[in-house]
Amino acid sequence: HQMLAKMEGDWDVVSRAWPMGKLEESKGSCSNRMVLGGRFLQTDWKGEMFGKPHHGVGMMGYDNGKGHFHSQWYDTFGTGCYQLIGQASDDGSSISSDGTWEMKMPDGNTMSMKTRMQYTFKDADTFVMEHFSVMEGKEVREMELTYTRRKPAAAKRVAPGCCPPSGKGPGY
């Protein structure tokens with residue numbers, strides 16, 4: 001749960017993706033909150049991906065009984081639930097999770113693809129999420145999202161006696 005708490009806060013996100021081998025970059029924002037007594041990290045993502053508006057929500061937790069991380073993801077690109085199970089690295093610098101992404105194809109068939117998601121903590125204000133898919137037996141990085149903690153806006157300071165209660169400066 002302590003590893004998840006590192007991701008709590010408001011984040012600016014730069015997304016890099018390689019659909020069909022061509023780099024696409026976009027920006028977004030993410031709000032992560034620890035919920036249910038600090039047991040789970042709830043994510044609310046808004047941005048653009050592949051030239052389209054994108055909104056997603058997710059939940060990640062650590063199952064003390066089973067000894068692994070688990071996460072679920074829902075977004076505006078589909079109607080299914082993307083689920084992953086994973087472990088932290090021994091040094092606590094990353095979480096790696098495996099899952100299967102199922103999607104309905106235009107011909108009506110369902111395609112399943114093995115995936116891996118890697119969270120790497122760079123410092124207290126930066127982490128990177130990489131998404132990999134297994135295609136033709138090879139793991140391919142499809143997406144990389146770099147999260148930078150949004151700093152709170154600095155409060156405006158007013159010199160004592162400068163301004164009357166109206167908020168207007170001297171001479172008004």
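Refer to the structure printed above.
Residues numbered from 1 in each chain as written. Predicted model: local features only at pLDDT ≥ 70, side-chain atom pairs only at ≥ 80, totals over all residues. Heavy atoms only, no water.

J.: Where do I start with the packing of aromatic side chains in this structure?
T.: A ring pair, where both rings are aromatic, is described by two values, the distance of the centres and the angle of the planes. Summed over all chains, the structure comprises seven aromatic pairs. An aromatic cluster is present here, built from Trp11, Tyr119, Phe121, Phe127 and Tyr147 joined pairwise through their rings. In this structure, lysine 6 is placed above the aromatic ring of phenylalanine 121, and the distance from its NZ or CZ to the ring centre is 4.7 Å. Over the face of the ring belonging to phenylalanine 132 we find arginine 116, whose NZ or CZ atom lies 4.3 Å from the ring centre. (Phe/Tyr/Trp six-rings, centres within 6.5 Å; stacked < 30°, edge-to-face > 60°. Lys NZ or Arg CZ within 6 Å of the ring centre and 35° of its normal.)

J.: Even after reading the chapter, I still don't get the pairing of strand β5 (residues 68–75), so can you show me in this structure?
T.: As a general feature of sheets, a regular strand has side chains that alternate between the two faces. Bridge count between strand β4 (residues 52–63) and β5: eight bridges; the pairing is antiparallel. Among the inter-strand pairings, glycine 58 is bridged to a residue of β5, identified as tryptophan 73. Turn length for the β4-β5 hairpin, with the two strands adjacent in sequence and antiparallel, is four residues, and the turn residue glycine 67 shows positive phi of about 70°. One ladder, built from five bridges, connects β5 with strand β6 (residues 82–88); its direction is antiparallel. In the sheet register, tryptophan 73 faces β6, and the bridge partner there is tyrosine 82. (Pairing = 2+ DSSP bridges. Helix = DSSP H or I, 4+ residues; strand = E, 2+ residues; numbered from the N terminus.)

J.: I keep staring at the environment of tyrosine 74 and nothing clicks. Help me out?
T.: With respect to the helices and strands, the residue tyrosine 74 is situated in strand β5. For tyrosine 74, a relative accessible area of 41% gives the class partly exposed. Separated by 17 residues in the primary sequence, tyrosine 74 and valine 57 have C-alpha atoms spaced 5.5 Å apart. When neighbours within four sequence positions are excluded, tyrosine 74 is seen to be in contact with His55, Gly56, Val57, Gly80 and Cys81. (Buried < 20%, exposed > 50% of the residue type's maximum accessible area, 1.4 Å probe, protein only. Contact = heavy atoms within 4.5 Å.)

J.: What should I look at first to understand the side chain of glutamate 130 in this one?
T.: Counting through the fold element by element, glutamate 130 comes out in strand β9 (residues 126–135). Take glutamate 130: its relative accessible area is 17%, and that puts it in the buried class. Within the local environment of glutamate 130, its side chain forms a polar contact with the side chain of arginine 141, the two groups lying 3.3 Å apart. Non-local contacts of glutamate 130, meaning those with residues more than four positions away in its chain, are made with Arg116, Met117, Gln118, Arg141, Met143 and Glu144. (Polar contact = N/O pair within 3.5 Å; in protein donor to acceptor, adjacent residues only side chain to side chain.)

Interpretation in functional terms is not warranted from these geometric data alone.
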